[in-house]
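A look at the structure
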Amino acid sequence: MIEYILNPQSVEALGWTLLHSLWQGAVFAILLALTLITLRSYTAQSRYIVAEGLLFAFFLSVSATFWQQWQQANDQSDLTVLPVNKELREDVFILNNSSEKVGESYKERKNIISSKNDILAKEQSSWVLTFRDYFEYHLPLIVTLWLLGIFVLQLRFLGQLAYVQRLKHYGTQLFPPIWSD
């Protein structure tokens, strides 16, 4: 469903940014707690300014993470190989970002990719790979749920705004002229 709204690179970048923002938020929360403990003798305004600064730093770190994930997703999408046409020979492919034909057969390309994955697998532990594979598979669901949460909160905000307007105008009248004296 989310594939109809966002392109796959956006879903991947946004999903990994959401996951990374969890540990980044925890680090900034711990940093804020320690900072507020050390600044407890300072004024409330100075502590507030420090808290705002850390919140802004968190925003910058999440933005940088999104930018990095966006670049990484675009780099990976440029390397994907797609078949030119089903009527053509199976071993002729084009790169996603150009119209140049590449003469590698599918099996050779698959061997190259699997050998690169084997090298990466040896460098990383199995629980990291399991974690990464699980979340790569579920990124569209994570992004969809996050966007639904934003939608629900926006509807709630609009409902509260409508309620405030109702309180402002419903059942109210101007003071009677007798009270103005």
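You'll find the structure just up there.
A brief look at the structure comes next. (Residues numbered from 1 in each chain as written. Predicted model: local features only at pLDDT ≥ 70, side-chain atom pairs only at ≥ 80, totals over all residues. Heavy atoms only, no water.)

Quick notes on the packing of aromatic side chains
To keep things clear, this is the line we draw: To pair, rings of Phe, Tyr and Trp, with the six-membered ring standing in for Trp, must have centres within 6.5 Å; the planes then decide the type, stacked if under 30 degrees apart, edge-to-face if over 60, and tilted in the middle. When accessible area is computed with a 1.4 Å probe and restricted to protein chains, residues below 20% of their type maximum are described as buried, those above 50% as exposed, and intermediate ones as partly exposed. A ring is considered to have a charge above it if a Lys NZ or an Arg CZ atom is located within 6 Å of its centre and within 35 degrees of its normal.
A full pass over the atoms with the stated rule returns five aromatic pairs. Ring plane angle 85 degrees and centroid distance 5.2 Å describe the contact between Tyr-134 and Phe-135, whose orientation is recorded as edge-to-face. By relative accessible area, Phe-135 is classed as buried at 17%. Members of the aromatic cluster, connected to one another through ring pairs, are Phe-131, Tyr-134 and Phe-135. Positioned over the ring face of Tyr-170 is Arg-166, at 4.5 Å from the centre of the ring.

Here we look at helix H4 (residues 126-169)
The condition that has to hold: Under the DSSP-based scheme used, a helix requires at least four consecutive residues in state H or I and a strand at least two consecutive residues in state E, with every element numbered from the N terminus. Helix span, expected: 1.5 Å multiplied by one less than the number of residues in the helix. At every residue, the bend is computed as the angle between two fitted axes, covering the seven residues ending there and the seven beginning there respectively.
Across its 44 residues, H4 extends 62 Å between first and last C-alpha, which sits within 8% of the 64 Å expected from 1.5 Å per residue. The largest bend along H4 measures about 55 degrees and falls at His-138, with the proline Pro-140 one to four residues further on. The set of residues buried in H4 consists of Leu-129, Phe-135, Leu-139 and Val-143. Gly-171 sits one or two residues past H4 and shows a positive phi near 70 degrees.

Regarding the pattern of salt bridges
To keep things clear, this is the line we draw: A pair is scored as a salt bridge if a Lys or Arg side-chain nitrogen falls within 4 Å of a carboxyl oxygen belonging to Asp or Glu.
Applying the stated rule across the entire model yields one salt bridge. Here Arg-132 ties to Glu-136 by a salt bridge, and the two come within 3.7 Å at their closest N and O atoms. A residue pair is termed a helical-turn pair when its members lie 3 or 4 positions apart in one helix, as Arg-132 and Glu-136 do in helix H4 at four residues. In this structure Arg-132 comes out as partly exposed when scored by relative accessible area, which is 28%. The class for Glu-136 is partly exposed, based on a relative accessible area of 40%.

Quick notes on the packing of helix H1 (residues 8-38) against H4
Under the convention used in this document: Throughout, an axis means a line fitted to C-alpha atoms (over the contacting stretch in the case of helices), and angles, computed between N-to-C directions, take values from 0 to 180 degrees. When describing relative orientation, an angle under 35 degrees is termed roughly parallel and one over 145 degrees roughly antiparallel, while 65 to 115 degrees is termed roughly perpendicular and anything else oblique. By definition in these notes, contact holds between two residues if any of their heavy atoms fall within 4.5 Å. Classification convention: Asp, Glu, Lys, Arg as charged; Ala, Val, Leu, Ile, Met, Phe, Trp, Tyr, Cys, Pro as nonpolar; all other residues, Gly among them, as polar.
Orientation of H1 relative to H4, taken along the N-to-C sense of each, is 100 degrees, at an axis distance of 8 Å. Relative to H4, the element H1 is oriented roughly perpendicular. For the pair formed by H1 and H4, the contact residues are Val-11, Glu-12, Leu-14, Gly-15, Trp-16, Leu-18 and Leu-19 on the first element and Phe-131, Arg-132, Phe-135, Glu-136, Leu-139, Pro-140, Ile-142, Val-143 and Trp-146 on the second. When its residues are assigned to classes, the contact of H1 with H4 shows twelve nonpolar, one polar and three charged.

Function cannot be read off these values alone, since they describe shape.
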